[in-house]
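Take a look at the letters that make up each chain.
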Amino acid sequence: MPALHERLVPVYEEVVKRNPGEVEFHQAVWEVLESLHPVVVRHPEYADAEIIRRMCEPERQIIFRVPWVDDRGRVQLNRGFRVEFNSALGPYKGGLRFHPSVYLGIIKFLGFEQIFKNSLTGMPIGGAKGGADFDPKGRSDAEVMRFCQSFMTELYRHLGEHTDVPAGDIGVGAREIGYLFGQYKRITNRYESGVLTGKGLTWGGAQVRREATGYGLVFFVDEILRTRGDSFDGKTVVVSGSGNVAVYAIAKVQQLGGRVIACSDSDGYVVDEAGIDFDLLHEIKIERRGRISDYAAKRGSGATYVSGAGIWQVPCDIALPCATQNELDDVGAASLIRNGCRVVAEGANMPTTPAAIRMLAEAGVAFAPGKAANAGGVATSALEMQQNASRDSWTFEYTEKRLAEIMRSIHERCLVTAEAYGSPGNYVVGANIAGFIQVADAMLALGVI
Ligand code: GLU
């Protein structure tokens, strides 16, 4: 591993010591600290005021019991989390993840990333993340509702439109946000629209929020291609995952003239050389919550289903990891490089391992980190908050235009910052430094709090 700046070594050591066993959090911190070397050299005032050290310690961590009753009348128990990481730029903001792999280390890594991502959007939002080790797979609608009600019965006291504003993430979509909002409204007796984002369009939600992470990712890649005098036209694209991010990334790639030939779920992947049929994928994965193997079965002989991992073996020009953390490792990166892939952009949070990122950089593959490339989701959440605050609602066209402008500006900030700090064209360095400096300056201004 490359060395950290000597002033950052004790910061990283303290993080590891204070957060034992939370390997994903350690990884997320390391990746940011590694980029900050030139910042520490140029701006010793941040280290002098212990800004970086303070940033690695969440402002508040909430862990709570979530008891609920399943359809057979048995009591079930889960653990809920909300890590309110940093509120220097605005109210805590970040999604909720319901997945059996959730533990404090996952929520902390996601909350830490969220600080810099939210800063990059240029919107007034701090960083947070939450969730539970609840597995929605195979649960009835009524069970999901009872779980969400129990979860919110504790969480509501920590929320507020000026305090902490959750949204969705893996396992939390419009249905869950609905049950959570309903319970918040019932407990508080307040129709406080701005307390959650990702709401349905008939009850305070914003146009484009559902599509925003996937669309924003593709707008970002379009900018990368444009700076290289290129476009999506005729490009072959592989997208991992088939959730909300992947599905709308696929739709936008197709609108811009690219061909998405593969996508996946946690069981396996499908290759469809003619191009993924968006309507069929949407019906199976989003409307019916089915499996990607059903897509291949319904699509007929044109599509092949392969069980297990391995989607990165499918040759492509552009790869968009949109499933989950550490899904693209050194083996995957080696196949992408061998097959001539030119751009990798993260739709998920931290889907690429550090070893894979290094390999891609050495091979000259353009690499866009999630903090920058998938910030369209949370940016559109901030637009939803803006509409809620003014009791207004914007058209799809206007909102999509705002999203496209935000993604263009994040891309520009990454490039300008990377250049200014001696790593031209390096989106990781650009995103980490640009995101960091804005939060650091706000923290300096606000004093030791
Ligand atoms: N979970 C999304 C993310 O990772 C969205 C968060 C939000 O909209 O608050 O950025």
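Whatever comes next refers back to the structure up there.
Thresholds applied
- Residues numbered from 1 in each chain as written.
- Predicted model: local features only at pLDDT ≥ 70, side-chain atom pairs only at ≥ 80, totals over all residues.
- Heavy atoms only, no water.
- Near = heavy atom within 4 Å.
- Polar contact = N/O pair within 3.5 Å; in protein donor to acceptor, adjacent residues only side chain to side chain.
- Helix = DSSP H or I, 4+ residues; strand = E, 2+ residues; numbered from the N terminus.
- Nonpolar A, V, L, I, M, F, W, Y, C, P; charged D, E, K, R; others polar.
- Core = buried A, V, L, I, M, F, W, Y, C linked by side-chain atoms within 4.5 Å.
- Buried < 20%, exposed > 50% of the residue type's maximum accessible area, 1.4 Å probe, protein only.
- Contact = heavy atoms within 4.5 Å.
- Pairing = 2+ DSSP bridges.
- Axes fitted to C-alpha atoms, helices over the stretch in contact; angles between N-to-C directions.
- Phe/Tyr/Trp six-rings, centres within 6.5 Å; stacked < 30°, edge-to-face > 60°.
- Lys NZ or Arg CZ within 6 Å of the ring centre and 35° of its normal.
- Parallel < 35°, antiparallel > 145°, perpendicular 65-115°, else oblique.
- Right-handed = clockwise from strand over helix to strand, strands pointing away.

1. What about the site of the ligand?
Move 1: By nearness alone, 13 residues border the ligand, and Lys93, Lys117, Gly168, Asp169 and Ser381 come closest of all.
Move 2: Side-chain polar atom of lysine 93 to an oxygen atom of the ligand: 2.7 Å apart, as the coordinates give it.
Move 3: Between glycine 168 and the ligand, the recorded distance is 2.9 Å, taken from a backbone N or O atom to a nitrogen atom.
Move 4: Within the residue set of the shell around the ligand, elements represented by two or more residues are β3 (92-98), α6 (104-120) and α16 (376-389).
Move 5: Ranked by residues supplied to the shell around the ligand, first place goes to β3 with three residues.
Move 6: Looking at side-chain class alone, the shell around the ligand contains two nonpolar, six polar and five charged residues.

2. Describing the nonpolar core
Move 1: Ranked by size, the top nonpolar core spans 62 residues in total, and within it Phe220, Tyr295, Leu320 and Ile410 carry the most contacts.
Move 2: Here the element with the most residues in this core is helix α9 (residues 209-227); it accounts for nine residues.
Move 3: Setting aside anything within four residues of it in sequence, one finds isoleucine 410 in contact with Leu120, Thr121, Phe220, Ala372 and Ala375.
Move 4: Of all hydrophobic cores here, the second largest spans 43 residues; its members include Trp30, Met55, Ile115 and Ala440.

3. Regarding the sheet that holds β3
Move 1: Within the open sheet, the five strands sit side by side as β1-β2-β4-β3-β5. Their pairing is mixed. In the strand order of this sheet, the two ends are held by β1 (60-69) and β5 (164-167), each with one partner. Direction aside, the axes of adjacent strands within the sheet are offset by 20 degrees on average.

4. Focus on the environment of proline 369
Move 1: Tracing the backbone shows proline 369 in the loop between β12 (366-368) and α15 (370-373).
Move 2: Measuring from C-alpha to C-alpha, the distance between proline 369 and glycine 332 comes to 16 Å, with 37 residues separating the pair along the chain.

5. Things to note about the packing of aromatic side chains
The geometry of an aromatic ring pair is captured by the separation of the ring centres together with the interplanar angle, meaning the angle of the planes.
Move 1: Per the stated rule, a full pass over the model turns up 20 aromatic pairs.
Move 2: An angle of 80 degrees between the planes, with centres 5.9 Å apart, marks the rings of phenylalanine 25 and phenylalanine 112 as edge-to-face. Taken together, the residues phenylalanine 25 in helix α2 (residues 23-35) and phenylalanine 112 in helix α6 connect sequence positions 87 residues apart. Accessibility classification places phenylalanine 25 together with phenylalanine 112 in one group, the buried group.
Move 3: Measuring from ring centre to ring centre gives 5.4 Å for tryptophan 68 and phenylalanine 134, while their planes differ by 85 degrees; the resulting arrangement is edge-to-face. Taken as a pair, tryptophan 68 in strand β1 and phenylalanine 134 in the loop between β4 (127-132) and α7 (141-155) lie far apart in primary sequence, 66 residues in all. There is no split in this pair, since tryptophan 68 and phenylalanine 134 are both buried.
Move 4: Three or more aromatic residues joined by ring pairs form one cluster here, namely Phe64, Trp68, Phe98, Phe134, Phe147 and Phe151.
Move 5: The ring centre of tyrosine 421 lies 4.1 Å from the NZ or CZ of arginine 42, which sits over that ring.
Move 6: Above the ring of tyrosine 215, the side-chain terminus of lysine 252 is found at 4.4 Å from the ring centroid.

6. Some points on the sheet that holds β12
Move 1: The sheet built from seven strands is open, its strands ordered β9-β8-β7-β6-β10-β11-β12 with mixed pairing. Edge positions in the sheet fall to β9 (303-307) and β12, since each has one partner strand and no second. Averaged over neighbouring strand pairs, the angle between their axes works out to 15 degrees when direction is ignored.
Move 2: In terms of strand pairing, strand β8 (residues 268-272) meets β9 through five bridges, oriented antiparallel. Note that in β9 the partner of valine 270 across the bridge is tyrosine 305.

7. Remarks on the packing of α6 against helix α18 (residues 427-446)
Move 1: Two numbers describe how α6 lies on α18: the axes approach to 8 Å, and their chain directions differ by 85 degrees. Classified by the angle between their axes, α6 and α18 sit roughly perpendicular to one another. Contacts from Ile115, Phe116, Ser119 and Leu120 in α6 reach Ala431, Asn432, Ala434, Gly435, Phe436, Gln438 and Val439 in α18.
Move 2: Residues of the contact of α6 with α18, tallied by class, amount to seven nonpolar, four polar and no charged.

8. So, the environment of alanine 420
Move 1: Examined against the element boundaries, alanine 420 turns out to sit in helix α17 (residues 396-420).
Move 2: The class for alanine 420 is partly exposed, based on a relative accessible area of 42%.
Move 3: When the C-alpha atoms of alanine 420 and glycine 243 are compared, they prove to be 37 Å apart, with 177 residues separating the residues in sequence.

9. Brief notes about the pairing of strand β7 (residues 259-264)
Remember that side chains alternate between the two faces of the sheet whenever the strand is regular.
Move 1: With five of six residues buried, β7 is to be regarded as a mostly interior element.
Move 2: Here strand β6 (residues 236-240) pairs with β7 via three bridges, running parallel. Its bridge partner lying in β7, threonine 236 is registered against arginine 259.
Move 3: Each parallel crossover has a hand, and the one from β6 via helix α10 (residues 244-255) to β7 is right-handed.
Move 4: Bridge count between β7 and β8: three bridges; the pairing is antiparallel. Its bridge partner lying in β8, cysteine 263 is registered against valine 270.

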